[in-house]
Amino acid sequence: MSSRRDFLKSTSAIAIAAAVARPSLAQRPPVLLTREPSAPPAELAMTALQAARDAGASYADARVGRYRRQSVGTRERQVTGVSDSESYGIGVRVLVDGAWGFAATSTLTPDGVSEAAREAARTARAGKRVQRRPIELAPVKAVQGTWRTPVKRDPVDVPIEEMVALLFAANETALKVPNIRFASSGLSLLREEKTLATTDGTLVTQTFYRAAPSFSATAIKGAEYQSYIPELAPRGSGWEYIDSLDMPTNAEEWANLAVEKLSAKSVEVGRYDLILDPTNLWLTIHESVGHPTELDRAMGYEANYAGTSFMAPPSEFIGKFRYGPDFMQIRADRTQPDSLARVAWDDEGVPADEWMIVENGIFKDYQTTREQASWISDLTGVSRSHGCAFAQSWGDVPFQRMPNVSLMPGPDDIDINDIAAATDKGIIVKNRGSSSIDQQRYNFQFSGQVAYEVRKGRIVGMLKDFAYQSRTPEFWNSMDMIGGEKSYWLGGTANDGKGEPGQSNAVSHGCPPARFRNVNIVNTGTAV
């Protein structure tokens, strides 16, 4: 029997022949979308700050960013797409007479960055005409330093041949399973180098890495077809994370789940005790806890993209609102290892923070930036920013973005099987499916990739055509069981949209499995 190593070697030859008719991406230089800078990033940032001061700014920050992005997509034995791009530039943000201004450029010369700073000042003066109140920034101690996501192997430096061989091997494994007709897989990789300087005296440089794999298998039998997409969470990690997933081996199990879905029973509508696996629950946390606790949504400053929040005004929620049972602990964290929103400092130079959003079931605090901290400091007693400022690139203005928001495990060492054993009539849901939530983050409906019926403590079969519906406060207050530390898992998304113009943020959400009592289940299929 051939080993996985032998299989990867053999598929490398296929990958090179099928996908790389031109010189490999490993051998040719990356596509440069911008010109090389004329000076080191820190020097350019300092030049921009001086120009901002000369233009009348009372505060300014400058971010020099270099973004290298790669993606590879495959389907069966073909490469469907390869991209490798690089972007380099500077964004300058200023405060003039209490109003924000921002400008960005890819002309990385002293004259280019100085003109961007002056343009930002002109924008601020124009914005002053419609400014409701002067911007006040929470204090922050000046810092200097460097930080890099701990990785063993830079994912962007992995040869394209190795990436394609891995993906082809996973597809090939799936295609050997009877009734599997289609298999696709992909990788999305990022290396982000960012230097931030502020007129407060901060000068920091950070390098971030992200790796996002994907896989899908589709089974067909007669007129019936079903797909299965495993929850391969994106991570703030190196290539070693991709290796740890062992996609070529696990693709057989994923393909078999797609086949099993062909004979799954259509769910009967009704009320069930809902048991959510962490691979599904993380998205419910994201939508019904993460987004409504963004302070700009609660205050009405964010509305164009996916609405505001039911958690307003803050005076009626902080320290008063029961989000869930006493054992519900929701932690915001920008220090969590392998997470997508991990940093040493945010895009305002605020050190990475960790704080409780929900403590013992009671809502405690929102997500804030330096501008927002004073809005609720009299309610929370916290006068500093929680470090939630982020911009998706050098060409975008930083604003409040979600940190890692996680449901903490319970004290008892139990897992999803223990929860199922204690359930009389329930449904287990795994992996993300469709999702829908209203403009206030209040009413929602979610589904998943697979579901299993639980009867008298036993799993009796797979279900399909299912979705669960609830309202945020009712849902979380119905939670009555939660897994322990060993069942905790870190999910997340590399593409969380927000803002107008829109920006994308990467954020992780950890959680154990949990049970929610008497949840409404609907049938989303055509079966009666």
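For the structure, check the block above.
Residues numbered from 1 in each chain as written. Predicted model: local features only at pLDDT ≥ 70, side-chain atom pairs only at ≥ 80, totals over all residues. Heavy atoms only, no water.

**What about the overall build of the protein?**
At step 1: Scanning the protein for helices and strands turns up 11 helices and 24 strands.
At step 2: The C-alpha atoms of the protein give 25 Å as radius of gyration, which agrees with the globular expectation for 528 residues (24 Å, within 12%).
At step 3: Projected onto its principal axes, the C-alpha coordinates of the protein cover approximately 70 × 60 × 40 Å.
At step 4: When each of the 528 residues of the protein is scored for burial, the buried share is 57%. (Helix = DSSP H or I, 4+ residues; strand = E, 2+ residues; numbered from the N terminus. Rg over C-alpha atoms; globule rule 2.2 N^0.38 Å. Buried < 20%, exposed > 50% of the residue type's maximum accessible area, 1.4 Å probe, protein only.)

**Structural notes on the packing of aromatic side chains**
At step 1: In the structure shown here, the tally under the stated rule is 17 aromatic pairs.
At step 2: Consider the rings of Phe310 and Tyr442, whose centres lie 5.4 Å apart with planes at 70°: the pair is edge-to-face. In this pair, Phe310 is assigned in the loop between helix H8 (295-298) and strand E11 (330-333) and Tyr442 in the loop between strand E17 (425-437) and strand E18 (443-455), connecting sequence segments 132 residues apart.
At step 3: Taking the relative accessible area as the measure of exposure, Phe310 reaches 14% and is therefore buried. (Phe/Tyr/Trp six-rings, centres within 6.5 Å; stacked < 30°, edge-to-face > 60°.)

**Looking at the nonpolar core**
At step 1: In this structure, Tyr323, Leu407, Trp476 and Phe516 are the most contacted members of the largest nonpolar core, which totals 50 residues.
At step 2: Looking at this core, the element that brings in the most residues is helix H7 (residues 278-290), giving 5 residues.
At step 3: When sequence neighbours within four positions are dropped, the list of residues in contact with Trp476 reads Leu281, Thr284, Ile285, Ser288, Val289, Tyr323, Gly324, Pro325, Met328, Leu407 and Phe516.
At step 4: Among the nonpolar cores identified, the runner-up in size contains 46 residues, and Ala233, Ile275, Ala420 and Val454 belong to it. (Core = buried A, V, L, I, M, F, W, Y, C linked by side-chain atoms within 4.5 Å. Contact = heavy atoms within 4.5 Å.)

**Here we look at the pattern of salt bridges**
Where charged atoms of side chains with opposite charge meet at close range, the side chains can pair.
At step 1: Under the criterion given, the structure shown has 36 salt bridges.
At step 2: For Arg122, the salt bridge identified is with Glu119, shortest N-O distance 2.7 Å. Residue Arg122 and its partner Glu119 are located together in helix H3 (residues 110-127), separated by 3 residues, close to a single helical turn.
At step 3: Assessed through its relative accessible area of 33%, Glu119 is described here as partly exposed.
At step 4: Arg471 is the salt-bridge partner of Glu474, the closest N and O atoms lying 2.6 Å from each other.
At step 5: Shared partners join several salt bridges into a network, and the residues in it are Glu115, Arg118, Glu119 and Arg122. (Salt bridge = Lys/Arg side-chain N within 4 Å of Asp/Glu carboxyl O.)

**Here we look at the packing of helix H4 (residues 160-175) against helix H6 (residues 247-262)**
At step 1: Interaxial distance between H4 and H6 falls to 7 Å at its minimum, and their mutual angle equals 30°. If you check the angle between H4 and H6, you find them roughly parallel. Seen from above, H4 lies across H6 with right-handed handedness. Residues Leu166, Leu167, Ala169, Ala170, Thr173 and Ala174 of H4 form the contact with H6, whose own contacting residues are Met247, Pro248, Thr249, Ala251, Glu252 and Ala255. (Axes fitted to C-alpha atoms, helices over the stretch in contact; angles between N-to-C directions. Parallel < 35°, antiparallel > 145°, perpendicular 65-115°, else oblique. Left-handed = near helix turned anticlockwise from the far one by under 90°.)

**Considering the packing of helix H2 (residues 41-54) against H3**
At step 1: Taken N-terminus to C-terminus, the directions of H2 and H3 make an angle of 40°; their axes are 8 Å apart at the nearest point. Relative to H3, the element H2 lies oblique. Our pair here, H2 against H3, has a crossing hand that is right-handed. Contacts between H2 and H3 involve Leu44, Thr47, Ala48, Ala51 and Ala52 from the former and Pro110, Val113, Ser114 and Ala117 from the latter.
At step 2: Looking at the contact of H2 with H3 residue by residue, the classes come out as 7 nonpolar, 2 polar and no charged. (Nonpolar A, V, L, I, M, F, W, Y, C, P; charged D, E, K, R; others polar.)

**Details of the state of the cysteines**
Where two cysteines share a covalent bond between their sulfur atoms, that bond is called a disulfide.
At step 1: With the rule as written, the count across this model stands at 0 disulfides.
At step 2: Here Cys388 is not cross-linked by a disulfide; its sulfur's nearest cysteine counterpart is in Cys511, at 20 Å.
At step 3: Since its relative accessible area comes to 0%, Cys511 is described here as buried. (Disulfide = S-S within 2.5 Å.)

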